[in-house]
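Each chain, letter by letter, is given below.
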Amino acid sequence: MSNRLINWFKFASPQSFYPLAGKMIPWFWALTAVFGIAGLWLSFFVAPTDAVQGEGYRIIFIHVPASWMSMFIYLVMAAWAGLGLALNTRLSGMMAQALAPTGALMAFLSLWTGALWGKPMWGAWWVWDARLTSELILFFLYIGFIALQAAIDDPRRADKAGAILALVGVVNIPIIYFSVKWWNTLHQGASVSLTKSPSMAQTMLWGMLLMALAFWMYSIAVALMRVRAIILERETHTEWVKELEAVKR
Amino acid sequence: MIWNSPAEFFAMGGYGLYVWGSFGACVLFMVAEPIMAARRHKQILRTLRRARIAEDLDKEAK
Amino acid sequence: MSALLAIVRRDLLLAMRRKSEMLTALFFFIIVVSLFPLGIGPEPVLLRKIAPGVLWVAALLATMLSLNRLFAADHADGTLEQLALSPTPLGLLVTGKIAAHWLTSGLPLVLLAPVLGVQFDLDASALGILVGALLLGTPLLSLIGAIGAALTLGVRGGGVLLSLLVLPLYVPALIFGAGAVEAHISGLGASGHLSLLAALLALAVFFAPWATTAALRVAME
């Protein structure tokens, strides 16, 4: 038991995580490609035309995965942040920092595809639908997190301040979602649901799941790429960075 | 096969602008983001390399 | 408990010494609210409809103005570190400071709101609900805002950053606060909104001072 614990902490040090991440990145890119190609093939060539929404519904295959990932990444980010606060590990803060831009991108893509879906379906680029509105606020939360970390020069302080903000955000997200939903029903907002078409064909569901997996693997791969850069930026003056092959060359 | 011709595929039953606008933006950003991350990594490696060379020159001068 | 009262008294005294800061935020609130009819037009039906939202958004913005100063002066002159070192738990002292902030920035807004509500042609019962909602909501704004104020303490561009961090977190307060008055006007009854607002307040009273304390300790390291 204690042996395993030590192993985990060994990988939690930036020094051993840096090469490990380097080895993992190609695998996650390969998985992204496999799931992505399979998902795109299903979503464009297998999934039948929707009876109500025609071909326009195919946006679902990226809109829903992007929305899922934007929420999931915030949770993962907050988990890393909490871990960093509790155990005081250096890597956790770096992971949270590496995940934030990807999460913000996912939130943005979800908004963008939502707008492009809303235009033909609702006749408006933007509808104050409960999901879109909470996604917008989630996007603001990501921007706040990134801005706070960018404004603090001392990385340790930036990590901790960001961690507190992420945890406050994670407590607030369900409250915000609930309040927006409440507000939406009160104002008789859009009644067409983006995600729940009355009878979703089995192939549509599979396409969506495969695309979600592709987005997931993509997020891991790009976050690992970013965390490698962050590790080097923060550990510039340590011996192990100076001993790296890539630096010695 | 549900598409009879490439033109039909790109037209997306009249929803071409919306469908390709969505997928296009996704592809664009999901290609740009890793490139930016890779560039950031290369940048810091270059800085580190320069610092090391400077250090070596310092040692030689002594 | 006496320490908490002492810190409230001290902050109130300090605020009284610098009345202008308090009054600036208050006049900001009045001016912002008064600009809306000028921008939108004076039809009473329209004004009555937008009144709750306008008053609430203006209250959020006015609160943002004073949040910056919540810990800044004490941080600058070292008082905050003395407070952190004192035997009384910092969380309690922070609660006192937040309470004082509400008394000097939130409560005046609540008292002014009915006067401004009259400008928007709200009737007496709607004004009552408005005051009730603000009474429950403005402490919530101070509590959540304190977390942001502590996080941005001594940070570059703190003021703008603070609003970026805090305003999204204010969304539930805005929805339930403004919604209470709207629901009352449309005859749905405001009790649901008000009780949810109260629940949020209870939650914030519990967690916000704790998170603020943690953020302050990070800022003082």
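Just so you know, these numbers come straight off a predicted model, no measurement behind them.

Helix and strand counts for chain A stand at nine helices and zero strands. A buried classification covers 48% of the 249 residues belonging to chain A. When contacts within chain A are restricted to residue pairs at least 6 apart in sequence, those whose partners lie at least 24 apart make up 80%.

This next bit is on the overall build of chain C. A tally of regular secondary structure across chain C gives ten helices and zero strands. Sorting the 221 residues of chain C into buried and exposed places 49% on the buried side. Partitioning the contacts of chain C with sequence separation of at least 6, the portion at a separation of at least 24 is 79%.

Take the interface of chain C and chain A next. On the side of chain A, 24 residues touch chain C, which itself brings 23 residues to the contact. Elements with a minimum of two residues in the side of chain C that touches chain A: helix 7 (124–151), helix 8 (158–169), helix 9 (171–185) and helix 10 (191–220) of chain C. Class assignment of the residues belonging to the side of chain C that touches chain A gives a composition of 19 nonpolar, two polar and two charged.

Further remarks concern the confidence of the model for chain C. Scored by pLDDT, chain C comes out at a mean of 89, with 100% of its residues at no less than 70. The ipTM for the predicted assembly is 0.89, set against a pTM of 0.90.

A few words now on the nonpolar core. Judged by nonpolar contacts, the single largest core of 166 residues is most densely connected at M77 and I164 of chain A together with L55, I144, A150, Y170 and A215 of chain C. With 20 residues, helix 7 (residues 202–234) of chain A is the largest single contributor of residues to this core. In contact with A215 of chain C, not counting residues within four places along its chain, are A161 and I164 of chain A together with I147, A150 and L151 of chain C.

Once that is clear, we can look at the packing of helix 2 (residues 19–40) of chain C against helix 6 (residues 90–119) of chain C. Residue and element names in this part refer to chain C. Where helix 2 contacts helix 6, the axes come no closer than 10 Å and their chain directions differ by 25°. Judged by the inter-axis angle, helix 2 sits roughly parallel to helix 6. When the axes of helix 2 and helix 6 are compared, the crossing they make is right-handed. Only T104, S105, P108, L109, L112, L116 and Q119 of helix 6 make contact with helix 2, whose side of the interface consists of M22, A25, L26, F29, I30, V33 and S34. Split into classes, the residues belonging to the contact of helix 2 with helix 6 amount to ten nonpolar, four polar and no charged.

The interface of chain A with chain B comprises 31 residues on the first partner and 24 residues on the second. Elements that contribute at least two residues to the side of chain A that touches chain B include exactly helix 4 (90–122), helix 7, helix 8 (239–242) and helix 9 (245–248) of chain A. No other element matches the nine residues that helix 4 of chain A contributes to the side of chain A that touches chain B. Here the side of chain A that touches chain B is built from residues that sort into 18 nonpolar, six polar and seven charged.

About the thresholds
Residue indices begin from 1 for each chain and proceed along its sequence in written order. Each chain takes a letter, starting from A, and each ligand takes a number, starting from 1, following the order in which they are written. Per-residue local features are limited, in this predicted model, to residues with pLDDT of at least 70; the limit for side-chain atom pairs, both in listing and counting, is 80 or more; totals at the level of whole chains, interfaces and linings are taken over all residues. Strands are runs of DSSP state E lasting at least two residues, helices are runs of H or I lasting at least four, and both sets are numbered from the N terminus onward. Burial is judged by counting other C-beta atoms within 10 Å of a residue's own C-beta: 20 or more means buried, 12 or fewer means exposed, and anything between counts as partly exposed, with every C-beta placed from the backbone. What counts as a contact is two residues whose backbone-derived C-beta atoms lie within 7 Å of each other. Three categories are distinguished: nonpolar for Ala, Val, Leu, Ile, Met, Phe, Trp, Tyr, Cys and Pro, charged for Asp, Glu, Lys and Arg, and polar for the others, with Gly belonging to the last. pLDDT is a per-residue confidence score from the predictor, ranging from 0 to 100. The term nonpolar core refers to a set of buried Ala, Val, Leu, Ile, Met, Phe, Trp, Tyr and Cys residues connected through C-beta atoms within 7 Å. Axis definition: a line fitted to C-alpha atoms, limited for helices to the stretch in contact. Angles are taken between N-to-C directions and run from 0 to 180 degrees. When an angle is under 35 degrees it counts as roughly parallel; over 145 it counts as roughly antiparallel; between 65 and 115 it counts as roughly perpendicular; any other value is oblique. In a left-handed crossing the near helix is turned counterclockwise from the far helix by less than a right angle, and in a right-handed crossing that turn is clockwise.

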